[in-house]
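Examining the three-dimensional arrangement
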Amino acid sequence: MTAIEPSSHATTQLAFRAATMRVIAWLIAGAATVVGPLVYLSSPNPMETWATAALAVIGWVTVLLLRRGYSSYMPHLVVYSVLTAASLQVLAFGSVRTAGGFLFVAAVAGAGIFLGRTALIGSVLYSVTSLGLLTVAELRGWLKTPNFQVGVKVWLTHATVLSVIAVLVYYSRSRAQMAFDAQVAELEHRKRIEQERDLSNERFARIFRTSPSPMLAQSARSGAILDVNPAFERCYRYTRDQLLGRADTFLWAEPEQRAAYLRRLFADRRADQEHVTGLRSDGSHFEALISSEMGNDPQDLLIITTVTDITEQDQAVERLRRSEERFAKAFNFSPLKMTITRVSDGTFVEVNQARDPVQGLYRNDLLGKTTLEVGGWLSPRDRQVFVERILREGHVSGYEIQMRHVDGSVIDAKMWAELIEIDGEDCILSCFVNTAEEKRREALLLSVAQGMAGQTGEAFFSALTRHVALTLKADLVVVGELEDDGSIETLAAWKDGTALPHFRYDPSLTPCGDTLRGPDLRYLEHGLDAAYPQVAVLTGVQGEAHIGQRLHDQDGTVTGVLQALWRQPITLNAEMTALMSIFSSRAAAELIRLRREREIQQLNATLEQRVRLRTAELEKLNAELDSFAYSVSHDLKSPLRAIDGFTRLLGEQLEGRLSADEEQLFHRVLASTRRMSTLIADLLALARVSQGELELGQTNLSDIAEQVMQAEQAKQPQRVISWGIEPGLSCLCDPRLARIVLENLLGNAVKYTRDQPAPMIELRRLREDGARPGSFVVRDNGVGFNMAYADKLFKPFQRLHQPSEFEGTGIGLATVHRIVERHGGHIEGVSHPGQGAEFRFSLTPAASRL
């Protein structure tokens with residue numbers, strides 16, 4: 001139900017009251033107007049006519065006044081006018097039993113509904129008094145004799161009174177219903193307000209509990225703490241139970257602050273962002289901003305306070321202040337020229353006190369002007385390119401530019417710049433370094449490097465001394481090598497623009513001796529001739545200044561010296577020192593190379609003799625291997641055949657007389673001789689593949705493999721073996737040895753697929769990424785092997801399966817490995833137990849000696 005506002009309800013009641021008054025006034029005016037002529041015609045008493053006429057006049061006057069909006073005292077006028085008319089009616093009729101007596105009832109009823117208590121009491125007293133006096137007058141006979149004859153007049157009077165009473169009753173009931181509806185609406189309104197209040201309280205409580213800012217609720221009368229949120233507990237390091245019910249005095253570090261704060265709070269009923277010092281439970285102080293609210297209702301006895309710990313903020317502000325102070329000091333007192341310019345137009349916002357090393361301008365020459373105006377950029381396009389880059393990257397380092405000097409010359413420079421923001425505007429913090437001298441040195445070094453590029457040995461050292469003399473403006477430059485006897489053998493010498501022939505000298509009587517003893521760089525700016533008179537005799541130059549630099553080997557051993565001599569005194573500077581270091585480093589590197597070249601030449605001179613000796617040793621070894629192979633084939637195989645033959649003969653002679661165990665022993669002896677024979681044959685094969693010349697030729701591996709597989713199938717006709725051989729596989733190799741490789745690899749594949757119901761063996765070209773040209777792969781789906789033991793695959797007599805599982809001697813893969821190595825190829829095995837095996841190999845021809 002929609003709530004009815006009090007003002008709206010009062011307005012509705014006033015409107016309804018005025019409407020009811022108009023209906024009553026119309027009834028009275030209409031009825032009196034109708035009854036008036038009837039009374040005039042039927043009653044001989046003119047007072048009765050006048051009374052009816054007066055009532056009609058009152059009715060119409062009331063209608064007119066109500067239509068004009070005068071409704072305040074209309075009920076009073078109607079009630080008392082009707083009472084007066086009723087009294088006149090009784091007087092005119094001669095008895096209180098007249099129909100006009102009903103008018104008293106109607107008037108009192110109207111007074112009870114429309115008038116206040118005082119007016120109601122007045123109307124009742126008026127009615128009672130009038131009726132009492134008229135009754136007495138009738139009893140005494142003071143009134144005229146009444147005429148109790150009834151007619152239309154009586155009926156019309158009664159009907160009018162009943163209608164007025166009905167209107168009054170309807171009005172009273174309607175007003176009561178309106179009052180009831182208003183009460184119901186008020187109750188609903190209060191209920192909704194209470195619900196909203198409860199919801200608001202719940203929201204406030206949730207905000208209060210979850211707020212990250214410390215919050216406190218206190219009584220305004222006593223100052224007692226009523227509640228705190230968890231953030232308050234964390235800030236002040238008290239628990240909630242320790243705080244509730246206590247005054248807040250123990251939370252203030254300075255009581256004077258609390259007193260002043262409370263005065264302002266009670267005066268204004270609120271305080272905002274007051275700076276105070278808080279006191280934690282451990283006694284530590286912290287700076288805070290507090291805000292409190294009491295509301296505008298003087299009866300509001302609750303204070304809500306929010307606390308903001310600004311200790312870190314103050315520290316951050318202090319750090320920022322110190323940082324700004326340090327920046328200002330670094331900026332203003334930096335020896336480098338530093339500027340701050342606007343990105344938008346290049347205007348100088350700030351310039352430090354250092355003199356500009358590039359343009360020769362000072363602070364006052366730059367402030368308020370743009371970089372283009374003072375020659376900081378040679379063209380607007382140059383600046384635009386730089387601005388686009390720094391806006392894109394945020395900073396630049398070592399940005400090479402050209403700037404115009406105050407004298408009009410163009411100077412090379414490097415700039416370091418950072419994009420910053422000042423008062424919301426993008427600016428550029430920059431510093432500059434004059435690189436004109438650096439570029440001059442770079443050009444000089446480039447010229448030196450180009451002059452010595454591609455030269456070695458004597459030509460290099462001659463070019464080196466020439467460039468040192470030109471660069472340092474020296475009169476004599478010598479580079480020499482330290483010999484085993486301590487003397488110096490010159491590698492090159494340059495004097496007065498001319499190369500000198502090589503010479504050897506003793507450095508002990510020259511500054512060169514001091515240079516060799518260290519440190520690396522020795523110099524004498526003047527007085528050389530007086531200190532070392534032997535120099536003039538040796539070089540023919542009356543020298544005054546000298547610089548010498550030792551040359552080192554890689555292990556720090558002194559290998560030589562580079563020295564320069566001047567006829568006039570010099571002043572050594574950093575550039576001269578750096579150039580001497582560069583030239584000496586290059587000279588030391590070339591001297592190291594020269595010495596290594598000499599060692600190689602010496603080794604080459606003895607290499608042929610060593611090769612002959614090694615060849616003789618290898619020939620002797622091969623002869624011994626041939627002898628060993630002959631011994632194995634002749635001295636071992638003959639006795640082995642005898643053992644096998646005699647054992648078989650003895651078995652035939654004793655046939656039928658041997659027990660089962662004795663026959664088993666005979667079979668074991670024969671099996672051992674067969675295994676020994678096979679082992680000797682394999683060893684001979686291994687020895688043979690390591691000897692002899694390779695007879696290389698284009699070999700069709702596909703045909704050989706097909707022949708090998710057909711032979712294997714013929715050996716085991718009871719098995720169904722499937723194989724796939726890629727056609728057209730060929731390579732340059734020894735056909736005989738290639739057959740041995742395939743017999744071993746394919747034979748192993750046949751052997752190790754013995755337990756497979758559908759064995760499959762393949763020979764294909766290896767096409768994997770990274771495979772060397774001419775590589776092949778033999779693949780099977782046999783038992784496979786464990787890759788953890790793959791290093792044993794190609795070693796003689798090493799097997800990865802037990803003899804009881806698969807027969808063999810462990811020589812086959814070693815033979816394959818030896819053949820592949822002789823061809824300069826490579827072989828490897830890849831497998832997993834139960835998933836078959838792959839052997840990848842190549843037969844690339846090796847060196848000509850093979």
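Residues numbered from 1 in each chain as written. Predicted model: local features only at pLDDT ≥ 70, side-chain atom pairs only at ≥ 80, totals over all residues. Heavy atoms only, no water.

With that out of the way, let us pick up the overall build of the chain. Helix and strand counts for the chain come out as 22 helices and 24 strands. Split into buried and exposed, the 850 residues of the chain put 40% on the buried side. Looking at the chain as shown, the accessible area adds up to about 47900 Å², and 56% of this sits on carbon and sulfur atoms. (Helix = DSSP H or I, 4+ residues; strand = E, 2+ residues; numbered from the N terminus. Buried < 20%, exposed > 50% of the residue type's maximum accessible area, 1.4 Å probe, protein only. Areas by Shrake-Rupley, 256 points an atom, 1.4 Å probe, with all protein chains shown as cover.)

With that settled, the discussion passes to the packing of helix H20 (residues 701-715) against helix H21 (residues 735-752). Between H20 and H21, whose axes approach to 9 Å, the crossing angle comes to 45°. With respect to their mutual orientation, H20 and H21 come out oblique. For the pair H20 and H21, the sense of crossing is right-handed. Counted together, Leu-701, Ile-704, Ala-705, Gln-707, Val-708, Met-709 and Glu-712 of H20 and Pro-735, Ala-738, Arg-739, Leu-742, Glu-743, Leu-746, Gly-747 and Val-750 of H21 form the full contact between these two elements. In terms of residue class, the contact of H20 with H21 is made up of 10 nonpolar, two polar and three charged. (Axes fitted to C-alpha atoms, helices over the stretch in contact; angles between N-to-C directions. Parallel < 35°, antiparallel > 145°, perpendicular 65-115°, else oblique. Left-handed = near helix turned anticlockwise from the far one by under 90°. Contact = heavy atoms within 4.5 Å. Nonpolar A, V, L, I, M, F, W, Y, C, P; charged D, E, K, R; others polar.)

Here we take up the confidence of the model for the chain. On average, residues of the chain score 79 in pLDDT, and 81% of them are at 70 or above. Confidence drops under a pLDDT of 50 for residues 1-6, and excluding neighbours within four residues, the segment shows 10 contacts in the predicted structure. Here residues 846-850 is a poorly scored stretch, pLDDT under 50, and it has 10 contacts once near neighbours within four places are set aside; other chains count. (pLDDT = per-residue confidence, 0-100.)

Time to look at helix H9 (residues 255-268). In an α-helix, one full turn covers 3.6 residues, which means residues spaced three or four apart are oriented alike. Taking 1.5 Å per residue, 14 residues should reach 20 Å; H9 reaches 20 Å between its end C-alpha atoms and fits that length. Of all the residues in H9, the buried ones are Arg-258, Ala-260, Tyr-261 and Leu-265. Just past H9, the residue Arg-269 takes up positive phi, approximately 60°. (Expected span 1.5 Å × (residues − 1).)

Turning next to the state of the cysteines. Enumeration according to the criterion identifies zero disulfides in this entry. Residue Cys-731 stays outside any disulfide, its sulfur separated by 3.6 Å from that of Cys-733, the closest cysteine. (Disulfide = S-S within 2.5 Å.)

Glancing now at unusual backbone geometry. If a residue is not glycine, its phi is most likely negative; likewise, a peptide bond is most likely trans. The phi dihedral of Gln-273 falls on the positive side, at around 50°, and the residue is not glycine. Its location among the elements puts Gln-273 in strand E3 (residues 270-279). You can call Gln-273 partly exposed: its relative accessible area is 44%. One non-glycine residue with positive phi stands out, namely Lys-473, at about 55°. Relative accessible area serves as the criterion here: at 66%, Lys-473 is assigned to the exposed category.

Below, the discussion takes up the packing of aromatic side chains. Scanning the entire structure with this criterion turns up 10 aromatic pairs. Ring geometry for Phe-785 and Phe-839: centres 6.2 Å apart, planes at 40°, overall tilted. Here Phe-785, found in the loop between strand E22 (775-780) and helix H22 (812-822), pairs with Phe-839, found in strand E24 (residues 837-842); they are 54 residues apart in sequence, far enough to count as distant. By relative accessible area, Phe-785 is classed as buried at 6%. (Phe/Tyr/Trp six-rings, centres within 6.5 Å; stacked < 30°, edge-to-face > 60°.)

As a further point, take H22. Judged by how many residues are buried, H22 sits mostly within the fold: eight of 11 residues are covered. Those residues of H22 that sit buried are Gly-812, Leu-813, Ala-814, Thr-815, Val-816, Ile-819, Val-820 and Arg-822. Following H22 by one or two positions, Gly-824 has its phi on the positive side, about 75°.

The next thing to look at is the pairing of E24. For E24, the buried fraction is high: six of the six residues fall into the buried class. Neither face of E24 is left uncovered, since the one carrying Ala-837, Phe-839 and Phe-841 and the one carrying Glu-838, Arg-840 and Ser-842 both have all their residues buried. Sheet topology places E22 next to E24; six bridges connect them, and they run antiparallel. Within the sheet, the bridge partner assigned to Val-777 lies in E24 and is Arg-840. (Pairing = 2+ DSSP bridges.)

If you trace the five strands from one edge of the open sheet to the other, you get E2-E1-E5-E4-E3, paired in antiparallel fashion. Taken across any chain shown, the strands that pair with only one partner, and hence form the sheet edges, are strand E2 (225-228) and E3. Neighbour-to-neighbour, the strand axes of the sheet open up by a mean angle of 25°, direction not taken into account. With six bridges joining them, strand E4 (residues 285-293) and strand E5 (residues 302-309) adopt antiparallel strand pairing.

One can describe the packing of H21 onto H22 by two numbers: an axis separation of 9 Å at closest approach and a directional angle of 145°. Considering how the two elements wind past one another, H21 and H22 form a crossing that is left-handed. Listed contacts from H22 to Leu-737, Ile-740, Val-741, Asn-744, Leu-745 and Asn-748 of H21 are Gly-812, Leu-813, Thr-815, Val-816 and Ile-819. Grouping the amino acids of the contact of H21 with H22 by side-chain chemistry returns seven nonpolar, four polar and no charged.

All right, on to the pairing of E5 then. The pairing of strand E1 (residues 215-219) with E5 spans five bridges and is classified as antiparallel. Directly across from Ser-219, in E5, lies its bridge partner Leu-302.

Attention now goes to the side chain of Thr-305. With respect to the helices and strands, the residue Thr-305 is situated in strand E5. Engagement of the side chain of Thr-305 in a polar contact is seen with the side chain of Ser-292, the distance being 2.7 Å. For Thr-305, the contacting residues outside a window of four places in its chain are Pro-214, Met-215, Leu-216, Gln-218, Ile-290, Ser-291 and Ser-292. (Polar contact = N/O pair within 3.5 Å; in protein donor to acceptor, adjacent residues only side chain to side chain.)

Here we come to the nonpolar core. Taken as a class, soluble globular proteins show a tendency for nonpolar side chains to be buried jointly. Among the nonpolar cores identified, the biggest contains 36 residues, and Leu-701, Leu-742, Leu-745, Leu-746, Leu-763, Phe-839 and Phe-841 are the most heavily contacted of them. For this core, the elements supplying multiple residues, two or more each, are H20, strand E20 (730-733), H21, strand E21 (760-765), E22, H22 and E24. Looking at this core element by element, the count peaks at nine residues for H21. Apart from residues lying up to four places away in sequence, Leu-745 is in contact with Val-778, Leu-813, Val-816, Ile-827, Phe-839 and Phe-841. (Core = buried A, V, L, I, M, F, W, Y, C linked by side-chain atoms within 4.5 Å.)

Let us now look at the pattern of salt bridges. Overall, the coordinates contain 29 salt bridges when judged by the stated rule. A salt bridge links Asp-345 to Arg-342; the nearest nitrogen and oxygen atoms lie 3.4 Å apart. Of the residues examined, Arg-342 reaches a relative accessible area of 25% and is grouped as partly exposed. Across the pair Arg-596 and Glu-599 runs a salt bridge, and its minimum N-O distance is 3.8 Å. You can see Arg-596 and its partner Glu-599 sitting in helix H18 (residues 574-653), three residues apart, about one turn around the helix. We classify Arg-596 as partly exposed; its relative accessible area is 30%. Within the structure, one salt-bridge network assembled from shared partners comprises Glu-762, Arg-764, Arg-779, Glu-838 and Arg-840. (Salt bridge = Lys/Arg side-chain N within 4 Å of Asp/Glu carboxyl O.)

Quick look at the sheet that holds E22 now. Backbone hydrogen bonds hold the strands of a sheet together, and the pairing may be parallel or antiparallel. Taken in spatial order, the five strands line up as E19-E21-E22-E24-E23 in an open sheet, and their pairing is mixed. One side of each edge strand has no neighbouring strand; the edge strands of this open sheet are strand E19 (722-725) and strand E23 (826-831). Strand-to-strand twist of the sheet, defined as the mean angle between neighbouring strand axes without regard to direction, takes the value 10°. Pairing geometry for E19 and E21, over four bridges, is parallel. Paired with Ser-722 across the bridge in E21 is Met-760.

Take the environment of Gln-554 next. Here Gln-554 is to be found in the loop between strand E16 (545-552) and strand E17 (558-566). Along the sequence, Gln-554 and Ala-588 sit 34 residues apart, while their C-alpha atoms lie 9.2 Å from each other.

On the surface, Val-57, Val-61 and Leu-77 cluster together to form a nonpolar patch covering roughly 220 Å² of accessible area. Tracing the backbone through its elements, the reader meets Val-57 in helix H2 (residues 46-67). (Patch = residues over 30% accessible without salt bridge, like charges linked within 9 Å, V, L, I, M, F, W, Y side chains within 5 Å.)

A cluster of acidic residues, Glu-652, Glu-655, Asp-661, Glu-662 and Glu-663, forms a negative patch at the surface. Per element, the largest residue contribution to the negative patch is three residues, and it comes from helix H19 (residues 660-689). (Lys, Arg positive; Asp, Glu negative; His and termini not counted. Charge placed at Lys NZ, Arg CZ, Asp CG, Glu CD.)

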